[in-house]
Amino acid sequence: MLKVANLSLAYGDAQALDDVSFEVAEGEIVALVGANGAGKSSLIRAIAGMERPAAGTITYRGTEITGWPSHKVCEIGIGQVAEGRQVFPSLTVLENLELGAMLRRARAGEARNLDRVYTLFPRLAERRGQAAGTLSGGEQQMLAIGRCLMGEPELIMFDEPSLGLAPTIVQEVLKTIRQLNADGLSVVLVEQNVALSLKIAGHGYVLENGRMAMTGSGADLLNDDRVRQAYLGL
Amino acid sequence: MTPTIVATVLIGGILTGCVYALMALGLSVIFGVIRVVNFAHGEMMAVAMYAAVFLFAAFGLDPLHALPLVAAGLFAFGYALQRRLVEPFVRRPEHEQFILLLAVGVILTNGALILFGPEARGIMTDYAFDSYAVGDIIIDKTKTIAAIAAIIAAAGLLGFFRFARTGKAIRACADNLIGAEVIGLDVKRLYTLTFAVGTACVGVAGTLLAMIIEVTPALGPELTLLAFVIVIVGGLGSMPGAIFGGVLIGVSEALAGLLIVPSMKSMLSFALLIVILVLRPEGLLGRRPS
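The structure reproduced in this document is the subject of the present report. (Residues numbered from 1 in each chain as written. Chains lettered and ligands numbered in written order. Predicted model: local features only at pLDDT ≥ 70, side-chain atom pairs only at ≥ 80, totals over all residues. Heavy atoms only, no water.)

### Points about the sheet that holds strand β5 (residues 63-64) of chain A
All names here are of chain A. Ordered by their spatial adjacency, 4 strands build an open sheet running β2-β1-β4-β5, and the pairing between neighbours is antiparallel. The open sheet terminates on both sides in strands that have one partner only, identified here as β2 (14-24) and β5. Bridge count between strand β1 (residues 2-11) and β2: 7 bridges; the pairing is antiparallel. Looking at β2, one finds that tyrosine 11 is bridged to alanine 14. Against the sheet, helix α1 (residues 40-47) touches β1, β2 and β4 (55-60), its axis set at about 115° to β1. (Pairing = 2+ DSSP bridges. Helix = DSSP H or I, 4+ residues; strand = E, 2+ residues; numbered from the N terminus. Contact = heavy atoms within 4.5 Å. Axes fitted to C-alpha atoms, helices over the stretch in contact; angles between N-to-C directions.)

So this is what it looks like as structure tokens:
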């Protein structure tokens, strides 16, 4: 479904990604694991069209999308729930959701998608008229996910969806991601909670200093000694 | 000085202030969203005034009928300017944006000087000297029409940002640029539209101001300064602030003309600016930076 081949990305002199290859199959959850600064967010931003790679290609369903601007990447069906949630704080919950449906692909299904989001997150329905900035962290994360779903993506890249959330809410967010996946959505998951993310992932990739260090099934990586030492502290 | 005279002057100031408010609203919208300060704002206003004067002189077109034409023209001008010239500067340092737009302003001012010469030009409609009498208070008809048109335009603009999907998308860009990119808003296109909407405001405001005062090439830079005073007094980036500031400056100018001498009107505005900068740097309705 998504294929990243030999991707390199640099911020000035700093090499963020170096010859990274990476693949997501239809209907799969893929976990991206790595230390801070390993290049996980850079990879997501490059796929999303928010950074311009120096080399390599990104292909989605057979179409090469390398260097496409972010709005075109969203339009083709790749959604993103960014680190820090990135809601529009002074806009209402409903306005945030409406803007998620600005994409041409999502116009026709807007009412249906709004229903779906409100069913998934009843809290958002209760707070639809409230400014997004007044929501709790967990509610903002629901809003960020809901807003992304409004764009009718086929693949969602989650960047640290549980960062800064209370443990019970972390569970809830991951449960939601699993449920969305069960409904047919493909998922790329960057998650600080490595054990949890590998547990729900079909495949995992380990990034180290901008390079792909390891790859394998979620279960294999969970049992790998290097992964256990470096990322699980076992 | 009777209360009647004071009331007459005050009302005149408020009416002119409504037109100022619309001009400042354009500046505020552009800055609030794109974070680029349009240093050619007043010069664009002068261009709109010249356009209205020209349409009146050449075709006898009443300024109110010229309004949509000039607004559309300035919209197109702003659209092209943002797309071709300002866009590459959006992420550049502020002083580079400043020099770029200053240059645009200088070109517009001198272009007007070449085309129209240095003398003042105005519009003399049939109703230019009409006025309404409310008791002893005299209200100028032209100013009333201009103010009502400015209020309608401003209300339309606020409605656009509040209710239209594109307006909401523009607010979203101002609110959280990363968030806007993340959900696939076409930020470049929205910036271009924003700049065009801001200059269209100037198109309307300029046409209306041309009904009230005469235009000279030198008026452009003065209006830029005036627009700045207004948005700083009202609160940079705040739309209600721009409106309130515009009316306030309109009143202060009128009062200066009454209490001191008309040529000192700017002095009072600048004094107000200094007082605001000292006592409330974020402006009267601006948000304190957190």
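### Things to note about the interface of chain A and chain B
At the interface, 22 residues of chain A touch 18 residues of chain B. Roughly 1,900 Å² of surface becomes buried between chain A and chain B when both sides are summed, with 58% attributable to carbon and sulfur atoms. Counting the contacts that link chain A with chain B gives 3 salt bridges. Residues glutamate 98 of chain A and lysine 168 of chain B are paired through a salt bridge, measuring 2.7 Å at the closest nitrogen-oxygen approach. Here chain A is connected to chain B by 7 residue pairs in polar contact (both at pLDDT 80 or more). If you list the elements that add at least two residues to the side of chain A that touches chain B, you get α2 (70-76) and α3 (93-100) of chain A. For the side of chain A that touches chain B, the leading source of residues is α3 of chain A, giving 4 residues. Within the side of chain A that touches chain B, the residues separate by chemical class into 11 nonpolar, 6 polar and 5 charged. (Buried area = accessible area lost by both parts, 1.4 Å probe. Salt bridge = Lys/Arg side-chain N within 4 Å of Asp/Glu carboxyl O. Polar contact = N/O pair within 3.5 Å; in protein donor to acceptor, adjacent residues only side chain to side chain. Nonpolar A, V, L, I, M, F, W, Y, C, P; charged D, E, K, R; others polar.)

### Here's the deal with the packing of helix α9 (residues 219-234) of chain B against helix α11 (residues 265-279) of chain B
Residues and elements named next belong to chain B. With their axes 10 Å apart at the nearest point, α9 and α11 run at an angle of 35° to one another. Of the two elements, α9 crosses α11, and the hand of that crossing is left-handed. Taking contact as the criterion, the partners of Leu225, Val229, Ile232 and Val233 in α9 are, on α11, Ser269, Phe270, Leu273, Ile276 and Leu277. Residues belonging to the contact of α9 with α11 are distributed by class as follows: 8 nonpolar, 1 polar and no charged. (Left-handed = near helix turned anticlockwise from the far one by under 90°.)

### Focus on helix α1 (residues 3-34) of chain B
With 32 residues, α1 of chain B ought to run about 46 Å at 1.5 Å a step, and its terminal C-alpha atoms sit 45 Å apart, in line with that. Two residues or fewer past α1 of chain B, arginine 35 of chain B is found with a positive phi of approximately 60°. (Expected span 1.5 Å × (residues − 1).)

### Side note on the pattern of salt bridges
By the definition in use, this model includes 17 salt bridges over all chains. A salt bridge links glutamate 51 of chain A to arginine 45 of chain A, with the nearest nitrogen and oxygen atoms 2.9 Å apart. Salt-bridge contacts for arginine 171 of chain B lead to glutamate 95 of chain A; the nearest nitrogen and oxygen are separated by 3.2 Å. You can see arginine 171 of chain B sitting in helix α6 (residues 165-175) and its partner glutamate 95 of chain A sitting in helix α3, one on each of two chains. When its relative accessible area of 8% is taken as the criterion, glutamate 95 of chain A is described as buried. (Buried < 20%, exposed > 50% of the residue type's maximum accessible area, 1.4 Å probe, protein only.)

### So, empty space enclosed by the protein
This structure, assessed with the given rule, holds 2 cavities of 30 Å³ or more. Each pocket or cavity is described by its volume, and for the largest cavity that value is around 80 Å³. Around the largest cavity sit Cys74, Ile78, Gly79, Gln80, Gly100, Leu103, Arg147, Cys148, Gly151 and Pro153 of chain A together with Val182 and Ile183 of chain B, which together line it. Breaking the lining of the largest cavity down by element, the ones donating at least two residues are β6 (78-81) and α6 (137-149) of chain A. The class makeup of the residues in the lining of the largest cavity is 7 nonpolar, 4 polar and 1 charged. Reported here for the second largest cavity is a volume of approximately 40 Å³. If you go around the second largest cavity, the residues you meet are Glu43, Ala46, Val47, Tyr50, Leu108, Thr109, Ala112, Pro217 and Gly220 of chain B. Of all elements in the fold, only α2 (41-59) and α4 (94-116) of chain B reach the threshold of two or more residues within the lining of the second largest cavity. Per-element accounting of the lining of the second largest cavity gives the leading share, 4 residues, to α2 of chain B. A class-by-class count of the residues in the lining of the second largest cavity yields 6 nonpolar, 2 polar and 1 charged. (1 Å grid on protein atoms, 1.4 Å probe; cavity = no way out; pocket = protein on both sides within 12 Å on 5 of 7 lines; lining within 4 Å. Points joined across faces, edges and corners; volume = space filled by probe spheres on them.)

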